[in-house]
Amino acid sequence: MAIVSRDFRELRLDGVCRSFGQMHALTDITLAVGRGEFVALVGPSGCGKSTALNCIAGLLQVSAGRIWLDERRIDDTGPEDRGFGMVFQNYALFPHMSVRRNIAFGLATQHRPKAEITRRVEEALALVRLGAHGDKLPGQLSGGQQQRVAIARAVVVEPPLVLMDEPLSNLDAKLRLEMRAEIRRIHAMLGCSTVYVTHDQEEALSLADRIVVLIDGRMRQVGTPEELYTAPSSRDVAEFMGYRNLVTSRAEPDGNGVAVTVAGARLKGTPFEAVGGEAVVAIRPDDLRPTPGGPILAKVEIAEYHGRDFYAVARGPDGTDLYFRSDERIKAGDEVRLDAAPSRVLVYAA
Amino acid sequence: MHRGLSERLWAIAIWAVVLFFVVNLLAMIAAVTVDSFGTRWFNTWLPAGFTGQWYAMVWNEFGLPAILWVTVEVVGAVVLISGLIGVPAAYAMARRNFPGKQAVMLLFLLPLLVPPITYGIPLATVLYRAHLAGTMNGVILANLVPALPFVILVMIPFVEQIDPRVEAAARVFGAGTFRLFVQVLVPLLTPGILAALLLVLVRTIAMFELTFLTAGTDSQTLVVALYYAVFAAGVRPNQSIDAMAVVYMVTTLIWLLIALRFVNPTQIVTRAKQ
Amino acid sequence: MRQARPPLRWRLREMGLDGVTLLVVPGVLFVLALFIYPFVYGLVLSFHPKQGGAWANYVTFFSNPYLYNTISTTLGIAIPATLINVVASVPVAMRVRLMKRQRLLTTILVIPITLGTVMVAEGLLTFLGPRGWFNRLLLLSGLVSSPVGLLHNYWGVMLSLVITGFPFTFLLTLSYVTGIDPSLEHAGAMLGARARQRFFRIILPLLAPGLAITLALAFVQAFTVFPSAILVGQPQGTTRVISIAAYQAAFEQYDYSLASAIAMLMALVQVVIIVLLLGGRSLLFRGPASSGKG
């Protein structure tokens, strides 16, 4: 199948807002998706990511703002005319049509010649490795197979942009990992720009070129997976990105960093916002480690065996619960001393 | 989604048709009501004057009180009996999978799918041979034929909604079937029972064909009496017929409105779909 | 050593037969006695005519135009009424399912079903009379020059069937249409299909099995039309339907045997049409109208 090459350079959202009555689902979304880019929209439930995707698709009208496809304004055209491909969370395969006819649907609407349709459908089937299942009905396929048909159906029309709305959330964990690899492979092969919505930050980290974090309908941070993983710009983004330890503390300047108090112990941290006085300290469990002579003294409450290491919760003298990882064997009741590198202790304004 | 001009026109056309239907329906009802209160109404938009005399006439001369009482008796008996037999039967159908269950389900479905006149004539014949035709009992029996399966089919989903583990818990604590029914199931099923019985009530008040075929002169329900009144239209003043129609309409609609507190309008119509 | 067989009671319970199952018995007996038995009785009775051989009733029916024409008359009323009611219900249901507050509309539409055909007939007689509001308005608007005759003829019966039948088909169709997963339409739109294409390629095929059932139920209602055919129709002429023939045989001629025969013929015609409709249905896709998981 030909690598998607349309004269498409970018999709641009400009101050897009969407309200439902008094409820503002999206506020001031401004974003550009370039050719071949894989952008993930992430955020906690209800943050508006699906709403944003539906606005891009045309299934929802924007309340304010504009959407541009290169020079063309598309926010006032219907989804039928935007030419994007979309993969839905529940697959939305037409239950009364065979796999082949499902995939061919978009081409049939364009009234393509029959020979061309057949050829492109076969290519799409080969791409998602379902060649043997072409004549089955969706009801006869497993969840993973159905999702692959949905992907084939979306990409066979060679759209400039593919939209994916939590396509893997209905699959079980193992299948999810397999399908993640499939999506990566197909994206690499076809090179079409993709906007991918998910609530799973791990999925986003593994798939995306850039990640957009939405919280309460607003864009809070845009960056590469690494940027979001190591340097979330605010407390809320840190919380979403898996910084499970969030502790309030007083912050005092200390050299080129700040000094904070965590579970009664003094730690050095890196400020991410202007801090003075009250602050929130964020530490990833992977960055908080048992260290002999470490400043934090805590008693292990729960220790989970994860094969290669232990995932544990310990309680400090002031009652703070701290989540950390340990390579060494530990169990409930043990006393540990914990420490974290100053660059991995992120401090935000309260 | 965005709508083009042709789609907008189509939408307007459809709403116009619906509006036409609704307006004419309401106007029809209004016409009957207005006529029933009019003194003389010949060639004008509204009657010459208004009066309640037709209602007095219907009450005093047409035997309305007796007819109303018959209706109450018939409907009451049908509701009671169909409830007493139907609710336990629905429970058994919902909770047990016995051989022949499909056949029994079909048996309960048929009286609802076959229109009343088709089985009404053979039924009337049988009741006639059993000397039950023309009596109140005959009318009640005839009306039970669609009512009982209706209760069963409406109640089955309600019973299925109750977690069987609640019943298992009651049994573990020593409740026999009767106690289980009275103290656990009926309270939980009350909304469903109310819904089903109210719907049966409304349907039986409006059930024409079965009562028509089996009733005698003193076992007519309101709807049958109304039919005879309309049928013999030349004999009685038109306004009195409309007065009787209004009485019927009010009776039915009051119960409909009460029933709608508990059920969705769709449930009055849809039955168990395969 | 032989293993003791489980007690009978236990084995019966495993099959689903115990005290609770017995609760079904009164209902079953009732339906058998008052529905199945009369039918069988009627069938047998139809073969024991007042005079002549076993098939005499049926011969009488098919040799007397006054009788056998009732079938074509009834079909001539029932088929158009059914088609109108079902075909009209589809676009209306497609629109109404998008409405947020459907309850008021569905409640109003339930009224004619609840009131029944007798009340609707009286309503039509008052409203559509030569001096009724409907004709008044038509004359006033200048659309017609003399009152339109919609009563005591074919049109009166048609109107009555539409008024009581359309809400029924509409509510059924609405429930089928709302059972179709909306994401299927979204997917269709994303793939370039406009509203008309989405309807004919996606929705209609999924709706078809439900429509077949709706057609069957609506037809059966229309075919057995009775009080309207008398009150707002022309029972001696153009709207002499088969139920009238059966009624007259039973209650005017006291020929229960002939009446049963006519009732059996009514049932036969209905069964034939239903089998045709439901047979067609089984050729169509009958699975769930959603798209798999989710």
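Residues numbered from 1 in each chain as written. Chains lettered and ligands numbered in written order. Predicted model: local features only at pLDDT ≥ 70, side-chain atom pairs only at ≥ 80, totals over all residues.

A. Region of interest: the overall build of chain C. For chain C, the count of helices and strands is twelve helices and zero strands. Traced from its N-terminal end to its C-terminal end, chain C shows the element sequence α-α-α-α-α-α-α-α-α-α-α-α. Its C-alpha atoms give chain C a radius of gyration of 25 Å, clearly above 19 Å, the size a compact globule of 294 residues would have. Considering only C-alpha atoms, chain C reaches an extent of 100 × 70 × 30 Å along its principal axes. Counting only residues that meet the buried cut, chain C has 49% of its 294 residues in that class. Relative to all contacts within chain C whose residues are 6 or more apart in sequence, the contacts with residues 24 or more apart total 75%. (Helix = DSSP H or I, 4+ residues; strand = E, 2+ residues; numbered from the N terminus. Rg over C-alpha atoms; globule rule 2.2 N^0.38 Å. Buried ≥ 20, exposed ≤ 12 C-beta atoms within 10 Å, placed from the backbone. Contact = placed C-beta atoms within 7 Å.)

B. Here's a closer look at the overall build of chain A. For chain A, the helix and strand inventory stands at nine helices and 20 strands. Oriented by its inertia axes, the alpha-carbon framework of chain A measures out at about 75 × 45 × 35 Å. By residue count, 45% of the 350 residues in chain A fall in the buried class. Intrachain contacts of chain A at a sequence separation of at least 6 include 68% that bridge at least 24 residues.

C. Up close: the environment of Val 44 of chain C. All names here are of chain C. Mapped onto the elements, Val 44 comes out in helix H2 (residues 25-46). Look at Val 44 and you get exposed, because 11 C-beta atoms sit within 10 Å. Taking the C-alpha atoms as reference points, Val 44 and Ala 54, ten residues apart in sequence, are found 9.5 Å from one another.

D. Region of interest: the packing of helix H4 (residues 65-96) of chain C against helix H7 (residues 154-178) of chain C. Residues and elements named next belong to chain C. Contact geometry of H4 with H7 gives a least axis separation of 7 Å together with a crossing angle of 40 degrees. Classed by the angle they form, the pair H4 and H7 counts as oblique. Between H4 and H7 the crossing geometry is right-handed. Facing Ile 77, Ala 81, Ile 84, Asn 85, Val 86, Ala 88, Ser 89, Val 90, Val 92, Ala 93, Met 94 and Val 96 of H4, the residues of H7 in contact are Tyr 154, Val 157, Met 158, Leu 161, Val 162, Gly 165, Phe 166, Thr 169, Phe 170, Thr 173, Leu 174 and Val 177. A per-class count over the contact of H4 with H7 returns 19 nonpolar, five polar and no charged. (Axes fitted to C-alpha atoms, helices over the stretch in contact; angles between N-to-C directions. Parallel < 35°, antiparallel > 145°, perpendicular 65-115°, else oblique. Left-handed = near helix turned anticlockwise from the far one by under 90°. Nonpolar A, V, L, I, M, F, W, Y, C, P; charged D, E, K, R; others polar.)

E. Summary view of the interface of chain A and chain C. In this complex, chain A contributes 25 residues to the contact, which on the side of chain C involves 22 residues. Listed by contribution, the elements that provide at least two residues to the side of chain A that touches chain C are helix H2 (79-82), helix H3 (99-109) and helix H5 (143-155) of chain A. Tallying contributions element by element places H3 of chain A first for the side of chain A that touches chain C, with three residues. In terms of residue class, the side of chain A that touches chain C is built from 14 nonpolar, ten polar and one charged.

F. Local environment of the pairing of strand E4 (residues 64-69) of chain A. Residues and elements named next belong to chain A. Bridging between strand E1 (residues 10-20) and E4 involves five bridges; their strand directions are antiparallel. Bridging from a neighbouring strand, Arg 12 pairs with Trp 68 of E4. Where E4 meets strand E5 (residues 72-73), two bridges bridge the pair, whose relative direction is antiparallel. Each residue of the ladder has a partner; that of Trp 68, found in E5, is Arg 73. What sits between E4 and E5 in their antiparallel hairpin is a turn of two residues, with Asp 70 showing a positive phi close to 55 degrees. (Pairing = 2+ DSSP bridges.)

G. Here's a closer look at the interface of chain C and chain B. On the side of chain B, 72 residues touch chain C, which itself brings 73 residues to the contact. For the side of chain C that touches chain B, the leading source of residues is helix H5 (residues 103-127) of chain C, giving 19 residues. Here the residues of the side of chain C that touches chain B are counted per class, giving 50 nonpolar, 19 polar and four charged.

H. Quick peek at the nonpolar core. By size, the foremost hydrophobic cluster in this structure holds 286 residues, and its most contacted members are Val 347 of chain A, Leu 226 of chain B together with Ala 246 and Ile 262 of chain C. Take this core: its biggest share by element is 15 residues, from helix H6 (residues 136-161) of chain B. When we break this core down by domain, the ones giving at least three residues each are domain 1 (10-235) and domain 2 (244-349) of chain A. The residues touching Ala 246 of chain C, leaving out its near neighbours within four places in the chain, are Ile 121 of chain B together with Ala 259, Ile 262, Ala 263 and Met 266 of chain C. (Core = buried A, V, L, I, M, F, W, Y, C linked by C-beta atoms within 7 Å. Domains from an automatic or database assignment.)

I. Structural context of the sheet that holds strand E14 (residues 277-283) of chain A. Residues and elements named next belong to chain A. The five strands lie next to each other as E11-E12-E13-E20-E14, forming a closed barrel whose pairing is mixed. Sheet twist, expressed as the mean angle between neighbouring strand axes with direction ignored, is 50 degrees. One ladder, built from five bridges, connects strand E12 (residues 257-262) with strand E13 (residues 265-271); its direction is antiparallel. Residue pairing for E13: Val 262 is matched across the bridge by Ala 265.

J. Seen up close, the sheet that holds strand E16 (residues 296-305) of chain A. Residue and element names in this part refer to chain A. A sheet is described by the order of its strands in space; here five strands give the open sequence E15-E19-E16-E17-E18, paired in antiparallel fashion. Because the sheet does not close on itself, it has two edges, and the strands there are strand E15 (289-290) and strand E18 (321-326). Judged from the six bridges that link them, strand E17 (residues 310-315) and E18 form a sheet pairing that is antiparallel. Bridge assignment links Phe 310 to a residue of E18, and that residue is Ser 326.

K. Focus on the domain arrangement of chain A. As far as domains go, chain A holds domain 1 (10-235) and domain 2 (244-349). On a C-alpha basis, the centres of domain 1 of chain A and domain 2 of chain A stand 38 Å from each other.

L. Region of interest: the confidence of the model for chain C. Residues and elements named next belong to chain C. Mean pLDDT over chain C: 87, with 95% of residues reaching 70 or higher. Confidence, expressed as mean pLDDT per element, reaches its minimum in chain C at helix H1 (residues 8-14) with 77 and its maximum at helix H8 (residues 182-190) with 95. Interface scoring of the predicted complex returns ipTM 0.85; its pTM is 0.85. (pLDDT = per-residue confidence, 0-100.)

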